[in-house]
Structure formats: C-alpha cells, structure tokens
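# Breakdown of the fold
Listed below, chain by chain, are the residues.
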Amino acid sequence: HEPWSNRGGQTPYLGRSRTISRRPSLQRSGLLWCIMASMATRSRSLSTPRPRPTPVNTETPAAKKRRAQGADDVLDPRCEELIASLASMPPVGRAQRFRLSDAVRHVALADGRRLEKVVINCGAPTLYSNVEDTEDVDTFRSLCRIVVGQQLAGAAAKTIWARFVTSLGGDASLITPEAVLASDMEALRSSAGLSNAKARSIFDLAAHYERGDLSDAVLLDPSLSAAELYAKLTAVKGIGPWSAHMYQMFGLLQPDIFPTGDLGVRNGIKEAFGLRGAGKNGALDEKRDKEKLEAAMAPFAPYRSLAAWYMWRCADTPSFLE
C-alpha cells in the first residue's frame, strides 16, 4: 500500500507507513484502534486450539518409500485403516454380492490413486447403509419411491414419499400394485402431492407388475444382465435412465452403475478431475460430454457405483435416499 500523505505528516504505525492527523479527535481514534487491535491479537492467542495428537503411523518404511516414489499400489496408511475397518462387514449386494472393503480399495487405487484423498476425506461410504434388508426386498415399493423422488431434493422427496405412504394406508408394506390400481389416480395424485406425470408412471408400473412383465423374481434374477434389467425398467412410462440407474444402485445394489444423468455426479467429476464440459460455465453435459465422462470413470469399473457416491461427496451433494 502507498503511504498516506497530508498536512499531518507521516508516522510509522504498526509496521505500516501511514499518516495520522494532529487533531485530538483523530488521535483518540487511532489510539482506540490500537487498543482494539491489541485486544484482538491477545484474544486470538488465547483461543488458539490445542494441536491434535499426531496419529500413529503404522506404515512400514518400505511402503512409505515406494509410495513416495509414486507406486500406484501403495495406499496412504489412513486409507488402509479405513479399508481394514470395512473388512469384517459381510458381502453386500442383491444378485451380485461383493465386499465393500475390496470396492473401496479398488476406487482408491484406480487411475493412479486419483481418488485416494477423496476416500480419506469422505470416509466410509454410506451407499449401502440406507437400504432395506437383503432378505426383505420389495421391488415395487423401491421403484415407487424412486419415481416419487424424481427431480426432488432429499427433504422434499421424503415429504412426498411420506404423503404417498399415508395415501395408501399409512404403512409402506401396504404399497402394492393391487392397492395402487384399486385407488383413484387423481385422488392419489392430489393427496400425495404428485405431479400428473409421476402418478401416471406409478400406475403404469403397477400395470407392468399385474401383467407379470415385472416382479420380484424377474428383477432379482441373478442371470439378468445390467443391460437387460435396464431395458425392462425403462419400458415403464416415466422411468428413464436416471430412475433406472438409481434403482440399480440403491434397489439392487449393483456395483458398477454410472449414472451420467445425475447432475451431482457430473459436478463431482468436474471438481475431482478438473474437467471442463460443453455446458454453461464449463459444466459437464450429459450428452455432449458423454465420452469424456465415461473415459474419466472407466478406470473405476467394476465399482463405478461407489466411485459415483464419492463424486456426490466431491460436489457436496447428498445421494439419492440420503
């Protein structure tokens, strides 16, 4: 900063060259500012938090050396500790079961450990902690909840879902294709606060179950490929790519789903990978940047569902059902 200059002359002041007027009122103001600055400095020194204890580093010297040299198969001790805490968990998934510790290790190591710090900072994934018990899966109820939550923030989706449950008897176990088809579409739409499109989608979904095109047995069939399942789901009116992917991730817990249609996931990829897209302000566009998005996430297969969850964290956005 350039020093002030006026008739009062220049006087050094707290290490800076400034001008202080000789008038008593301004002198008192300068003295008051000095006292307040001194008190603030003392307050900061007294309120300085105690340093946290340094965590014990269990990394071997050989591993530390290899990691320092850029070895792609050696993880930070904090990441190894996180993975070890997940090792005792039973396998997760519906038709295709896998160990979460293996998935986290793969995501942390993939692409030259690009997401290792993200895994450390975000911690253990909750992607598989907010789902129904594996032995008590109701595919129709799960799909209804995804349709209800389309294009809604988490809190709003939960509110509408609670109204939907109330409209069909007040208990989620009462949500069946028969109950939906027996109700009046307009009355259900109005009481639950659904849009016309979502109400039509839920009734068409119920009709698919009534005809036998969809059922628990069909959707939980382990021989059904992800592509075949996707085709069956998107045959229902109102269930597009995003809804199908959310069901595959949260309903069936499939490990390798990449929901390119989710804005939060795309924003997370932009932050984590430093990519610019064809959208406004460099946003990644679902269609125009499809190849760029798929190339960024390809190294994380066959656990792209978990990588997508970490992208939600990078964008500071809750995932569906969170």
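Procedures and definitions
- Residues numbered from 1 in each chain as written.
- Predicted model: local features only at pLDDT ≥ 70, side-chain atom pairs only at ≥ 80, totals over all residues.
- Heavy atoms only, no water.
- Helix = DSSP H or I, 4+ residues; strand = E, 2+ residues; numbered from the N terminus.
- Buried < 20%, exposed > 50% of the residue type's maximum accessible area, 1.4 Å probe, protein only.
- Contact = heavy atoms within 4.5 Å.
- pLDDT = per-residue confidence, 0-100.
- 1 Å grid on protein atoms, 1.4 Å probe; cavity = no way out; pocket = protein on both sides within 12 Å on 5 of 7 lines; lining within 4 Å.
- Points joined across faces, edges and corners; volume = space filled by probe spheres on them.
- Nonpolar A, V, L, I, M, F, W, Y, C, P; charged D, E, K, R; others polar.
- Phe/Tyr/Trp six-rings, centres within 6.5 Å; stacked < 30°, edge-to-face > 60°.
- Lys NZ or Arg CZ within 6 Å of the ring centre and 35° of its normal.
- Axes fitted to C-alpha atoms, helices over the stretch in contact; angles between N-to-C directions.
- Parallel < 35°, antiparallel > 145°, perpendicular 65-115°, else oblique.
- Left-handed = near helix turned anticlockwise from the far one by under 90°.
- Disulfide = S-S within 2.5 Å.

The next subject is the overall build of the protein. What the protein contains, in helices and strands, is 16 helices and 2 strands. Within the span of the protein, comprising 322 residues, buried residues form 38% of the whole. Nonlocal contacts in the protein, meaning residues at least 24 apart in sequence, comprise 57% of its contacts between residues at least 6 apart.

Below, the discussion takes up the environment of Pro-90. Turning to its location among the elements, Pro-90 is positioned in the loop between helix 3 (77-86) and helix 4 (100-113). With relative accessibility at 56%, the residue Pro-90 sits in the exposed group. When the C-alpha atoms of Pro-90 and Ser-101 are compared, they prove to be 9.9 Å apart, with 11 residues separating the residues in sequence.

Any region with low pLDDT has predicted coordinates that should not be read closely. Within the protein, residue pLDDT values average 80, and 73% of them lie at 70 or more. When the criterion is pLDDT under 50, residues 1-22 qualifies, and its contacts beyond four places in sequence or with other chains add up to 27 contacts. Under a pLDDT of 50 for its full length, residues 40-59 has, in the predicted model, 6 contacts with residues more than four places off or in other chains.

For the rest of this paragraph, the subject is the layout of surface pockets. Approximately 380 Å³ is the volume found for the second largest pocket. Around the second largest pocket, the lining comprises 16 residues; the ones closest to its centre are Tyr-230, His-245, Phe-258, Thr-260 and Glu-294. Broken down by secondary-structure element, the contributors of at least two residues to the lining of the second largest pocket are helix 12 (226-234), helix 13 (241-251) and helix 15 (290-297). Counting residues per element, the lining of the second largest pocket draws most heavily on helix 13, at 4 residues. Looking at the lining of the second largest pocket residue by residue, the class counts come to 7 nonpolar, 4 polar and 5 charged.

Applying the stated criterion across every chain yields a total of 6 aromatic pairs. Centroid distance Phe-98 to Tyr-303: 5.7 Å. Interplanar angle 50 degrees. Geometry classified as tilted. Highlighted residues: Phe-98 in the loop between helix 3 and helix 4 and Tyr-303 in the loop between helix 15 and helix 16 (304-314), separated in sequence by 205 residues. A relative accessible area of 16% means that Tyr-303 is categorised as buried. Considering the side-chain rings of Phe-250 and Trp-312, the 6.2 Å spacing of their centres and the 40 degrees angle between planes classify their relative orientation as tilted. Residue Phe-250 is found in helix 13, and its partner Trp-312 is found in helix 16; the two are separated by 62 residues along the sequence. In this structure, Arg-313 packs its charged tip against the face of Trp-309, placed 4.7 Å from the ring centre.

Here helix 9 (residues 185-192) crosses helix 10 (residues 196-211) at 125 degrees, and the two axes come no closer than 10 Å. By the angle between their axes, helix 9 is oblique relative to helix 10. The two elements helix 9 and helix 10 cross, and the hand of that crossing is right-handed. Across the interface between the two elements, Met-185, Glu-186, Leu-188 and Arg-189 from helix 9 touch Asn-196, Ala-199, Arg-200 and Phe-203 from helix 10.

We now examine the state of the cysteines. Considering all chains together, one arrives at 0 disulfides under this definition. Among the cysteines around Cys-122, which has no disulfide bond, Cys-314 carries the closest sulfur, lying 5.7 Å off.

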